[in-house]
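Residue-level structure breakdown
Spelled out from the first residue to the last, the chains are:
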Amino acid sequence: MENKNENNKQNQSNASLVQNNQPAKNEKTMNQSAEKKTVLDEDQRVKVLSPSMLVFKRFIRNKLAIIGSFIIVGMFLFAFVGGVVSPYGESQVFMGYETMSKEYASVTKNKEFRYTTADGKNFPSAVKAEVILAVSSGKSEFTSMGKVYALTKEGENLYRISLMDKYATATMIRGIADVKAVDGKKLSEEVKNGFLAAIDAKETSFTVDGVTYQVSNQGKEYSLGVLDDVALASHKIFDAYDAATKLSIEFKIQAEKAFNEGKTSFEVEGVTYYIEPEGSSGTIYYNENGNQVNYAQLSDFVVAPIGNDVFLDVEFKSLIQQAINDGETSVTQTDAEGNEIVYKIERKNEQYTVKADSATQLIRIYEKPSKEHWLGTDGNGMDIMTRLMYGGRISLMIGFIVVSIQTFLGVVLGGIAGYFGKWVDNLIMRIVDIFYCIPSMPLIIILGSVMDSLKASPQVRIYSLMAIMGLLGWPGIARMVRGQILSLREQEFMTATEAMGISIPRRIFRHLIPNVIPQLIVMATMGLGSIILTESTLSFLGIGVRFPFASWGNIITSVSNVHVMTNYWFVWIPAGICILLTVLAFNFIGDGLRDAFDPKMKR
């Protein structure tokens, strides 16, 4: 029994040892199978992944390249989507109203002759000059432009100017007048006797058969003729209360004569007018049904509006004249809507300027960032953020189109040169050398000046800029493609294409060029930033994109103004940041693609 119990205990201990060792064996087996599975998955992944997927895996490992990609995507959304979403237009100018003190009228105390021309008469400027000479020399008649004019003094600084139809002349010789009729005129005895009587009586006019004849003399020479009033010369200024009222010459003569003589009334064409003097000026009115009706005002001041669309009524002129006479510097007048307007009077020498505060429509230039304009407005009153959006469109579009032109020309010419070699290669490479020797910047400046002289439209300038930059930038790509194809054309797969009878264009563009695509992508991406920077520089210099089109380059042209650069940072810094970020992002992406396409890179 004891031996049997001992055997059972030994069996139980052995079973427990087996059970304790079993988990260790299972764990080791599982680790080995897991390791084997992992190794298989890695091998399968390498076998399954395509070259493009490997490039992508390498690219996304580059953090700077990923950052650059996000920046470029953001710039594209900002430029192309933002312009659609923005409520403003690319060239929309924002206006606003601001109260400003503007010149409203000018006032001058008149010291020269002012002329009033009769209805239907012609009074040239040459005759006006002769009037001044005749008054200065004390003549009663003068000749101008082949016509004889009579000058009749009606009062102090008041002259009636008439066109004389001369009938006869008379010369006094020893007290006897020798009368001669003018050629083509008949002089009756009644008119001749009236002429002689007027000379003896020293009268200036007489009437025969209802016709008034004028007698004028210069020394011993007398002239007889019929006068036709053409103008009035006076120092006084007449203003009608009604803008449609036209004051006649006779009215002005009688009014001024009555005012100078101190009379309170005068009569013209059967209407009695009254004068209410106020210093050197006076108000002329007439009575209608017992009511006083203001008709005109005469004064020594010329009150003229600054703008052609402004009519100054007589009340305003009287108010300003009274203020000047009283030495006041401001007056207040109530307009038709009941608003009080304060007019300020400023004197400069003998001239007065009347200014008034008024709401003026102005362009909202250099406004600071606000809810309405997140980045403010520029010097033309346009929204800066909207201009940045549209400017991004043009800058990015120019970059991609220029790179496309350069790549196309470079691939075609470089592929042909690399495949054919010999004299074809020499010819194309010499063309490349010539293009390398062309100074691109001076050439673009010259073409910009030519387009300025031809007054080319801004749109044509953009197309021309893209074409010139594309035509001047392809040699680098051509050399790279040519070098790659020179090494690829001797490989076995090209020998196979030749043995299969594949055409030469298909060999170049179907079998050789695809092997150069990685290098092309890297060069194009790196070149995009350079092209955008070049376009911005040209636009900044004024030979690139022109107003009203926006580009990041012409937005920062405001930096040329020191005042704007130091006081309105929000005008040019955002555009500079956009250029910096875009160029930096393309360089990051180019570096990432270059490393991703490099076959020496470790997985």
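Check the entry above for the structure.
What comes next concerns the included structure. Nothing here was measured: the structure is a model prediction, and the numbers come from that model. (Residues numbered from 1 in each chain as written. Predicted model: local features only at pLDDT ≥ 70, side-chain atom pairs only at ≥ 80, totals over all residues. Heavy atoms only, no water.)

Turning to the overall build of the protein chain, a few remarks are in order. If you tally the helices and strands in the protein chain, you get 18 helices and 18 strands. Within the protein chain, the fraction of its 603 residues that count as buried is 37%. The contacts in the protein chain between residues at least 6 apart in sequence include a share of 61% that link residues at least 24 apart. Carbon and sulfur atoms form 55% of the exposed surface of the protein chain, whose accessible area is close to 35000 Å². (Helix = DSSP H or I, 4+ residues; strand = E, 2+ residues; numbered from the N terminus. Buried < 20%, exposed > 50% of the residue type's maximum accessible area, 1.4 Å probe, protein only. Contact = heavy atoms within 4.5 Å. Areas by Shrake-Rupley, 256 points an atom, 1.4 Å probe, with all protein chains shown as cover.)

Attention shifts here to a nonpolar patch on the surface. Nonpolar side chains collect at one region of the surface, where Val73, Leu77, Phe80, Val81, Val84 and Val85 lie side by side and expose about 560 Å² of accessible area between them. With respect to the helices and strands, the residue Val85 is situated in helix α3 (residues 63-85). (Patch = residues over 30% accessible without salt bridge, like charges linked within 9 Å, V, L, I, M, F, W, Y side chains within 5 Å. Salt bridge = Lys/Arg side-chain N within 4 Å of Asp/Glu carboxyl O.)

Contact pair helix α10 (residues 440-453) / helix α11 (residues 458-472): the axes reach a minimum separation of 11 Å and the direction vectors enclose 155°. If you check the angle between α10 and α11, you find them roughly antiparallel. Where α10 crosses over α11, the two elements pack in a sense that is right-handed. Residue-level inspection shows Ser440, Leu443, Ile444, Leu447, Gly448, Met451 and Asp452 of α10 in contact with α11, the latter providing Arg461, Ser464, Leu465, Ile468, Met469 and Leu472. In terms of residue class, the contact of α10 with α11 is built from 8 nonpolar, 3 polar and 2 charged. (Axes fitted to C-alpha atoms, helices over the stretch in contact; angles between N-to-C directions. Parallel < 35°, antiparallel > 145°, perpendicular 65-115°, else oblique. Left-handed = near helix turned anticlockwise from the far one by under 90°. Nonpolar A, V, L, I, M, F, W, Y, C, P; charged D, E, K, R; others polar.)

Following the sequence through the fold, Ile365 ends up in the loop between β18 (351-363) and α8 (384-420). The sequence separation of Ile365 and Thr377 amounts to 12 residues, and the corresponding C-alpha distance is 5.9 Å. If near-sequence neighbours (up to four positions away) are discounted, Ile365 is found in contact with Thr377, Asp378, Gly379, Asn380 and Gly381.

With that settled, consider the packing of aromatic side chains. According to the stated counting rule, one finds 23 aromatic pairs in the structure shown. For the ring pair Trp569 and Phe570, a centre distance of 5.8 Å and an interplane angle of 85° mean the geometry is edge-to-face. Its relative accessible area of 1% is what places Phe570 among the buried residues. Three or more aromatic residues joined by ring pairs form one cluster here, namely Phe251, Phe266, Tyr273, Tyr286 and Tyr295. (Phe/Tyr/Trp six-rings, centres within 6.5 Å; stacked < 30°, edge-to-face > 60°.)

What follows concerns the nonpolar core. In this structure, Ile398 and Met469 are the most contacted members of the largest nonpolar core, which totals 28 residues. For this core, the secondary-structure elements that each account for two or more residues are α2 (51-60), α3, α8, α11, α15 (517-540) and α18 (569-597). Among the elements that take part in this core, α15 stands out by supplying 6 residues, more than any other. Here Met469 is in contact with Val402, Gln406, Ile444, Ile531, Thr534, Glu535 and Leu538, once residues within four sequence places are set aside. (Core = buried A, V, L, I, M, F, W, Y, C linked by side-chain atoms within 4.5 Å.)

A few words now on the sheet that holds strand β17 (residues 340-348). Strand order in this open sheet of 5 strands is β15-β1-β18-β17-β16, and the pairing throughout is antiparallel. Each end of this open sheet is capped by a strand with a single partner; those strands are β15 (301-305) and β16 (330-334). The average angle at which neighbouring strand axes cross in this sheet is 30°, direction not considered. As defined by bridge partners, β16 adjoins β17 across 5 bridges and the pair is classed as antiparallel. Note that in β17 the partner of Ser330 across the bridge is Lys344. Along the sheet face, helix α7 (residues 314-326) touches β1 (95-109), β15, β16, β17 and β18 and points at about 155° away from the line of β16. (Pairing = 2+ DSSP bridges.)

What follows covers the environment of Ile521. Inspection of the secondary structure puts Ile521 in helix α15. Since its relative accessible area comes to 34%, Ile521 is described here as partly exposed. The spacing of Ile521 and Arg594 is 73 residues in sequence and 8.6 Å in space, taken between C-alpha atoms. Once residues lying within four places of it in the same chain are set aside, the contact partners of Ile521 are Leu593 and Phe597.

This part covers the side chain of Thr377. Structurally, Thr377 can be placed in the loop between β18 and α8. Within polar-contact distance, the side chain of Thr377 engages the backbone oxygen of Arg364 at 2.7 Å. A distance of 2.9 Å separates a polar side-chain atom of Thr377 from the backbone nitrogen of Glu367. Beyond its immediate chain neighbours, meaning those up to four positions away, Thr377 contacts Arg364, Ile365, Tyr366, Glu367, Met382, Ile384, Phe570 and Val571. (Polar contact = N/O pair within 3.5 Å; in protein donor to acceptor, adjacent residues only side chain to side chain.)

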